[in-house]
Amino acid sequence: MGLLAVLMIVACQRVPEEPKVIHACAEAPAGRACAMCFAADGVIYLAGGRVQNGSYPGTMLCYDTENDRWSETATIPLTPRVNGTVCTTEQGVFMGLGFAGGSVHMDSTYLRDWWKFEPGTGTWTQLANYPAKQTAAAVSWYDGQKVWVACGFNGYTQEVWQYDIATDCWKKAGEESPIRVMSAVAAKCDGRYFIGTGFHNISHSYWYEWFEDGHWEKRSSVPGKGRHNAACSATDKAVWVIGGWHYGDSLTTGFYYDDILRYSPTDDQWTLCGTIPCGVTENGVACAVGKRVYFGLGEDKNGQLHREWYYIED
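This write-up is about the structure you can find in this document. (Residues numbered from 1 in each chain as written. Predicted model: local features only at pLDDT ≥ 70, side-chain atom pairs only at ≥ 80, totals over all residues. Heavy atoms only, no water.)

What follows covers unusual backbone geometry. At Asn201, a residue that is not glycine, the phi angle is positive and equals roughly 75°. Relative to the elements of secondary structure, Asn201 occurs in the loop between strand E16 (199-200) and strand E17 (202-203). One non-glycine residue with positive phi stands out, namely Asn229, at about 60°. Following the sequence through the fold, Asn229 ends up in the loop between strand E19 (216-218) and strand E20 (231-234). (Helix = DSSP H or I, 4+ residues; strand = E, 2+ residues; numbered from the N terminus.)

Take a look at the structure:
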């Protein structure tokens, strides 16, 4: 879609430009879409996802940020899946949920398992299952004590669930999410929590801040006509939202994004920082390591998977 098209889409919102240098990294050994992505000790992991032939691999791709090198793990104990959720904490990396493939109308294809992975030892521990049925394309975040999960799909929901790490127990939050969508994004930035975008009938531009007392406050909408299946991560200064798909509405036929957006919590401001070099992308991943935001993989508008991998210095 190119920078000119992006500027035309966001012009009515007067989104300022802040061009960033995009650095190309080593390409991944194979493309993956709809994967879970997290970092530990300078290594970025991609778990789950879908490869070009449509199958779901049972391994993790690993990217060594220091040496710009990819590798692949042995098979992991998680059932292969797409659109799971992952959350990094001091106690380990918590992940699970997602969709196992097959009929979207069967509850059994929506996975409720929940795991802790300890990167230092490679240990996997299965934990209490997620209580709700809406498990595909959920978002999660960590408040220092509990993991929170919202916006999954198997039928739409506004429920928010909290997982108590100390007791291995789930509890429904008292306050529901203000958005009832799937394929949203969420990130923690400088001790603050943000959730937005997503799909329900059309693609949305929602952007909300969540507070630890459970309430939500609306913030400046994500530029564009709405999107879902975007990649998202955050440094300690900003949240980054990259690419995605606009499904469409009564006035459009839908399109895919190649924009790279930066959100500053300090002034509630979005800026356009460039475009994805390999073109329009949905179902990609992003992961911050220090001041760098790494992003890539995913797929184009024709379902061709990307292997490209990049970073930006924030």
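Per the counting criterion, the structure on display carries 3 cavities of 30 Å³ or more. Estimated volume of the largest cavity: approximately 60 Å³. In terms of lining residues, the largest cavity is bounded by Ala231, Ile242, Ile276, Cys278, Thr281, Gly284, Val285, Phe295, Gly296 and Leu297. Residues belonging to the lining of the largest cavity are distributed by class as follows: 7 nonpolar, 3 polar and no charged. When its volume is computed, the second largest cavity comes out at roughly 50 Å³. Forming the boundary of the second largest cavity are Met36, Ala47, Gly48, Pro57, Gly58, Thr59, Ile76, Leu78, Thr79, Pro80 and Arg81. (1 Å grid on protein atoms, 1.4 Å probe; cavity = no way out; pocket = protein on both sides within 12 Å on 5 of 7 lines; lining within 4 Å. Points joined across faces, edges and corners; volume = space filled by probe spheres on them. Nonpolar A, V, L, I, M, F, W, Y, C, P; charged D, E, K, R; others polar.)

Here we take up the layout of surface pockets. Its volume calculated, the largest pocket comes out at about 1200 Å³. Cys37, Val86, Ser140, Ala186 and Cys232 are, among the 38 residues lining the largest pocket, the residues nearest its centre. If you list the elements that add at least two residues to the lining of the largest pocket, you get strand E2 (36-40), strand E6 (85-89), strand E10 (139-142), strand E14 (185-189), E20 and strand E24 (285-289). For the lining of the largest pocket, the leading source of residues is E6, giving 5 residues. Each residue belonging to the lining of the largest pocket can be placed in one class, and the counts come to 25 nonpolar, 11 polar and 2 charged. The calculated volume of the second largest pocket comes to roughly 240 Å³. Forming the boundary of the second largest pocket are 15 residues, of which Asn83, Ala136, Phe153, Met182 and Ser183 lie nearest the centre. The class makeup of the residues in the lining of the second largest pocket is 10 nonpolar, 5 polar and no charged.

Quick look at the packing of aromatic side chains now. Enumeration according to the criterion identifies 35 aromatic pairs in this entry. Consider the rings of Trp141 and Trp216, whose centres lie 6.3 Å apart with planes at 80°: the pair is edge-to-face. Taken together, the residues span a long stretch of sequence, with Trp141 in strand E10 and Trp216 in strand E19 at a distance of 75 residues. Aromatic side chains Phe194 and Tyr263 sit 5.3 Å apart centroid to centroid with 65° between the ring planes, which places their arrangement in the edge-to-face category. Taken together, the positions of Phe194 in strand E15 (residues 192-196) and Tyr263 in strand E22 (residues 255-264) put the pair 69 residues apart, joining distant regions of the chain. Tyr263 matches Phe194 in its accessibility class, with the two residues each being buried. Clustering of aromatic rings is evident, with ring pairs tying together Phe94, Trp114, Tyr130, Trp161, Tyr163 and Trp170. A cation sits over an aromatic face here: Arg227 above Tyr257, 3.7 Å from the ring centre. The residue whose ring lies beneath Arg292 is Tyr311, and the NZ or CZ to ring-centre distance is 3.9 Å. (Phe/Tyr/Trp six-rings, centres within 6.5 Å; stacked < 30°, edge-to-face > 60°. Buried < 20%, exposed > 50% of the residue type's maximum accessible area, 1.4 Å probe, protein only. Lys NZ or Arg CZ within 6 Å of the ring centre and 35° of its normal.)

Our next topic: the pattern of salt bridges. In total, this model carries 12 salt bridges according to the counting rule given. Among the salt bridges present, the one from Arg50 reaches Glu299, with a minimum N-O distance of 2.7 Å. Here Arg50, found in the loop between strand E3 (43-47) and strand E4 (60-64), pairs with Glu299, found in the loop between strand E25 (292-296) and strand E26 (309-313); they are 249 residues apart in sequence, far enough to count as distant. Of the residues examined, Glu299 reaches a relative accessible area of 6% and is grouped as buried. One salt bridge connects Glu209 with Arg219, and the closest N-O pair in it is separated by 3.0 Å. Highlighted residues: Glu209 in strand E18 (residues 207-210) and Arg219 in the loop between E19 and E20, separated in sequence by 10 residues. Using a relative accessible area of 2% as the deciding quantity, one classes Glu209 as buried. (Salt bridge = Lys/Arg side-chain N within 4 Å of Asp/Glu carboxyl O.)

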